[in-house]
Amino acid sequence: MHVPDGFIDAPVSVAAGVLAAGAVAVSLRGARRELDERTAPLAGLVAAFIFAVQMLNFPVAAGTSGHLMGGALAAILVGPYTAVLCLSVVLLMQGIFFADGGLTALGVNITVMGVVTVVVAYGLFRLLSGLLPRTRRSATASAFVAALVSVPAAAAVFTLLYWIGGTTDIPIGKVFTAMVGVHVLIGIGEAAITALTVGAVLAVRPDLVHGVQGLAAPLKLRVDGELVDAPAATREPEPAAPARSTRGFWITGLVSAFLLAGFVSFYASANPDGLERVAADQGIDEKVEEHGAADSPLADYGVGDIANARLSGGLAGVIGVSGTVVVGTGIFWAVRRRKEESTEASRDHENV
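Residues numbered from 1 in each chain as written. Predicted model: local features only at pLDDT ≥ 70, side-chain atom pairs only at ≥ 80, totals over all residues. Heavy atoms only, no water.

Let's talk about empty space enclosed by the protein
Thinking step 1. Under the defined criterion, the tally for this structure stands at 2 cavities of 30 Å³ or more.
Thinking step 2. Quantified by volume, the second largest cavity comes out at close to 30 Å³.
Thinking step 3. Residue lining of the second largest cavity: Met-1, Gly-66, His-67, Met-69, His-183, Ile-186, Asp-273 and Gly-274, and that is the complete set.
Thinking step 4. The residue makeup of the lining of the second largest cavity, split by class, is 3 nonpolar, 4 polar and 1 charged. (1 Å grid on protein atoms, 1.4 Å probe; cavity = no way out; pocket = protein on both sides within 12 Å on 5 of 7 lines; lining within 4 Å. Points joined across faces, edges and corners; volume = space filled by probe spheres on them. Nonpolar A, V, L, I, M, F, W, Y, C, P; charged D, E, K, R; others polar.)

Some remarks on the layout of surface pockets
Gaps left between atoms show up when a probe the size of a water molecule is rolled over them.
Thinking step 1. In this structure, the largest pocket spans a volume of roughly 910 Å³.
Thinking step 2. For the largest pocket, the lining is made up of 35 residues, of which Asn-57, Asp-100, Glu-276, Asp-300 and Tyr-301 are closest to its centre.
Thinking step 3. Classifying every residue of the lining of the largest pocket gives 14 nonpolar, 14 polar and 7 charged.

Concerning the pairing of strand 1 (residues 58–61)
Thinking step 1. Note that strand 1 and strand 2 (residues 64–66) share 3 bridges and pair antiparallel. Paired with Pro-59 across the two strands is Ser-65, which belongs to strand 2.
Thinking step 2. In textbook terms, the turn of a hairpin is the stretch between consecutive antiparallel strands, and for strand 1 and strand 2 this stretch comprises 2 residues, one of which, Gly-63, has a positive phi near 75°. (Pairing = 2+ DSSP bridges. Helix = DSSP H or I, 4+ residues; strand = E, 2+ residues; numbered from the N terminus.)

Quick notes on the packing of helix 3 (residues 71–78) against helix 5 (residues 106–131)
Thinking step 1. Contact geometry of helix 3 with helix 5 gives a least axis separation of 8 Å together with a crossing angle of 55°. Regarding the angle of helix 3 to helix 5, the classification is oblique. The way helix 3 lies across helix 5 gives a crossing that is right-handed. Of the residues in helix 5, those touching helix 3 at Gly-71, Ala-72, Ala-75 and Ile-76 are Thr-117, Val-118, Ala-121, Tyr-122 and Phe-125. (Axes fitted to C-alpha atoms, helices over the stretch in contact; angles between N-to-C directions. Parallel < 35°, antiparallel > 145°, perpendicular 65-115°, else oblique. Left-handed = near helix turned anticlockwise from the far one by under 90°. Contact = heavy atoms within 4.5 Å.)

Take a look at the structure:
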């Protein structure tokens, strides 16, 4: 649902940009409570994984495709504040280097895809997790429902923004019906990807799943037919063995992202996504503008000087994953470092 330039007028785009900037500022502060020496690199990995999976458009209806938004997945794995930062990094990389999502619409995209999906999904996930039994199966089901609801919720917010500042005169009822309808279908795909990923992480490292921490009862995992307590999360330095296990998890996730972006993405659906299809059908795209980064050597997820489509797209995907993991991890390490400096300053002040 990458909104291009020209769909939303300048005043609403600016207002959305201010809202997005505020959300990012709040998230930078909130992420200090979520990030430590283990989760900072994992947050960078989550951003890179979302970038990769967003390249995998899947068919949802005749002539229409969808892709992961990632807000639910990121919020459940690394926390809501860090999730907003993850999505912001991904959208910045896509907009600046890959001409995906308008530059003047960046605030709209961060608000819709990076804030709305996170807030809706994480709130619903925590609500369901508190009501359902504390088992891996229940947590996975909660992730499914949270992801499913977050996508049409984002579509509804886009419709609201279009109603306020759309550049074409289209009956808003038709836009709402079309947007929410197709994004319910896309939400099913989002829910499946989110549930499978969260379930897989819960199976091997439940202590790294932020969304299941801090609840009243310990998460239960089934081992040899018996329910046992999952390992509790800790903010203290881990012994050598768990540290190696975390590195192995990180490497496995990064290799998976490279494979998805560099190879599997070639087989993604070429059909327009939900927003593109609705825009074409309803006339929303009448005043669409050429992307400011249309001349980028990576525009449209291809390397401009390489004629072979498979090689061009795969290399662009690998470059995108690499850039996202480097930029994301750097930001999250800086946030974590800021947290340490603030803690040390507080201790020095107390000692004085």
